[in-house]
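Close look at the chain arrangement
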Amino acid sequence: MNKIQASLITLLITLLLAANHFSMRRAEFFLNSETGATDKTKMNEETFSHNVAADLILLNGRIWTGNQKQVWAEAVAARGERLIFIGSSRDAKKLASAQTRVIDLQGKLALPGFIDDHTHFIEGGFHLLSVDLRDAATPQEFAERIKKQVANLAKGRWIRGGDWDHERWGGELPKKDWIDAFTADNPVFITRLDGHMGLANSAALKLAGITKDTRSPAGGTIVKDANGEPTGVLKDDAMSLVFRIIPDETDAEYEEALQAALNYAASVGITSIQDITGWRDYEIYKKFKAANRLTVRVYARTPMSSWQKQAEIIKTQGAGDHWLRLGGLKAFMDGSLGSTTALFFEPFNDAPHTAGLSVDDNIPEGKLKEAMKQADKAGLQCSIHAIGDKANNLLLNYFEAIEKENGKRDRRFRIEHAQHLLASDIPRFAKLGVIASMQPYHAADDGRWAEKRIGRERIKTTYAFRSLIDAGAVLSFGSDWFVAPLAPILGIHAAVTRQTIDGKNPNGWVPEQKITVAEAIRAYTTACAYGEFAEREKGTLEVGKLADLVVLSQDLFKINPSDIEKTKVVYTIVGGRIARKP
């Protein structure tokens, strides 16, 4: 064999090995969205071939991928629902055909699509269609908006929604007397923005059978005046006395609400939600999915009280897919700070007669713990609302006890809100693998008045973003919409600046708990994906993952943090489809 023949043989072997390596690399992609395990169905070989055109290409951008191995890129390309290329604009252009949609980002920032870790999505849609009291600044404005709303309604039609905030006019709770004069023919039940307190007019109280002789139910309060008469305000479980007599919305009304919510989500860059989902909500989601009308991906968390129903559906029908999927459960440990129903070890400073309400019966060994244990045995994820330091402490104890009893597995327990913590409990999140599912806009809101509720010492570990990250905990972000605005941009601004919405804390409220822009974005992307066992499907921009992206009007990494809230969403892209454009 001469030297030329030997060289040719060596070259042939090298080419064969390279081709085999490339083939193996292509086969690595795509993971099952429910379990994270490698899918036995390989992606189509042509998907990752440079010989096949992309459906969508974004060029000339500042693309933050969230992938530690390739943090920045100029361009991305998608075919179908998946990303097929991340890199330079020059190389991306090679994937274009006459049919490819090419968008020149002109240097704009693109990120993985925002994921919201906590929504009441369809209820939020209903609120978009109802009276808006969120920024009503006086009792007079509060009443006038309801008067205007009732003028357009038929007699007997309920007035819902509201999202009022009594702290805007000094802290006085609203009264039925403010609105009774013009709502005699329309029952009213409007909720505070945190969802833990509502105001009923006299017509609604009468329909619910609530009188001065009605006792407050366990886990709730009927607020009464000096004469023992109900003022109309109902807190936490007392709200159910009215909720149970409100007529159900029609399917058409549900669909209208969901469509309104989808449109709003696209406008603020949301591509996935982790929803608090009633069973009727779930049926509407299924209907929209079947009709290809969903423009956000839904991780549905149904009530803990019916965990067996979810377990049976998953067993017989499967959990779903990357558009609509079951797997999580939601329950409550306590109420809210604004309603003085969050459960603390010490009483409220401005309401020393109470340390909050337990929604669970017979804490610390209530019904909730047993339900959580059984649901966990069935392989379902438990995500529990806890606001006060005692509620969070007890819930961490529950999680620790359940893991010991049921054995170790990748369960990803979640505390929803985790707002007010004992300093000694912060390291336990990482130790126990508990996700801190938080909503940073609440800090910008509550920071106006939280200190008067719980004092200077307790606010040091309130919305403890920095401390949780430094302790090694997984911190995910969302909105709690309809309770707070859905826009992730506002949440990022709140987490990075800690500025309150009244403008009185320009350097930040409890500023030592600020985090960086990158940390806040990860909390809205990577960490959220992890929180629903979908980190191999989304949360970062990588070849083979879902083509979910958001393009912004400003570069969050370059601008003054105070200007983050002025940023607009230019494009929202879900599965390679444009849901929002200029």
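Going by the structure above, here's the rest.
Some thoughts on helix α16 (residues 488-497)
Residues spaced three or four apart along an α-helix face the same direction, because each turn holds 3.6 residues. When you tally the buried positions in α16, you get nine out of 10 residues, the bulk of the element. Among the residues of α16, P488, I489, G491, I492, H493, A494, A495, V496 and T497 are the ones counted as buried. A positive phi of about 60 degrees marks R498, the residue just after α16.

Concerning the sheet that holds strand β21 (residues 475-477)
Adjacent strands of a sheet pair through backbone hydrogen bonds, lying either parallel or antiparallel. Reading across the sheet, the eight strands line up as β8-β15-β16-β17-β18-β19-β20-β21 and stay open at both edges, with parallel pairing between neighbours. Two strands lie at the open edges of the sheet, namely β8 (114-119) and β21, each paired on one side alone. Each adjacent strand pair in this sheet contributes to an overall mean axis angle of 25 degrees, direction not counted. With four bridges joining them, strand β18 (residues 381-386) and strand β19 (residues 414-417) adopt parallel strand pairing. What sits directly across from I384, in β19, is I415. Across the sheet, helix α10 (residues 367-377) touches β17 (324-332) and β18, and the angle it forms with β18 is around 155 degrees.

A short note on the side chain of R325
You can see R325 is positioned in strand β17. Of note is the side chain of R325, whose polar atom sits 2.8 Å from the side chain of E532.

A few points about the sheet that holds strand β13 (residues 220-224)
The strand order β9-β10-β11-β12-β14-β13 describes an open sheet built from six strands, whose pairing is mixed. In this open sheet, the two edge strands, each paired with only one partner strand, are β9 (131-132) and β13. Bridge count for strand β10 (residues 161-164) against strand β11 (residues 189-192) is two bridges, and the pairing is parallel. Within β11, the position partnered with G162 by the bridge is T191.

Description of the packing of helix α3 (residues 121-128) against helix α7 (residues 251-267)
Relative to each other, α3 and α7 sit at 95 degrees, their axes nearing to 7 Å. Relative to α7, the element α3 is oriented roughly perpendicular. Facing F121, I122, G125, F126 and L128 of α3, the residues of α7 in contact are E253, Y254, A257, L258, A260, A261, L262, Y264 and A265.

Brief notes about the side chain of T462
Position of T462 among the secondary structure elements: in the loop between α14 (450-458) and α15 (465-470). Classification of T462 as buried rests on a relative accessible area of 0%. Polar contacts involving the side chain of T462 include one to the side chain of H420, which spans 3.0 Å. Within the local environment of T462, its side chain forms a polar contact with the backbone oxygen of R458, the two atoms lying 3.2 Å apart. Ignoring sequence-local partners within four residues, the contact set of T462 consists of Q419, H420, I454, R498, W509 and Q513.

About the criteria used
- Residues numbered from 1 in each chain as written.
- Predicted model: local features only at pLDDT ≥ 70, side-chain atom pairs only at ≥ 80, totals over all residues.
- Heavy atoms only, no water.
- Buried < 20%, exposed > 50% of the residue type's maximum accessible area, 1.4 Å probe, protein only.
- Helix = DSSP H or I, 4+ residues; strand = E, 2+ residues; numbered from the N terminus.
- Pairing = 2+ DSSP bridges.
- Axes fitted to C-alpha atoms, helices over the stretch in contact; angles between N-to-C directions.
- Contact = heavy atoms within 4.5 Å.
- Polar contact = N/O pair within 3.5 Å; in protein donor to acceptor, adjacent residues only side chain to side chain.
- Parallel < 35°, antiparallel > 145°, perpendicular 65-115°, else oblique.

Bear in mind that shape data such as this cannot, by itself, settle questions of function.
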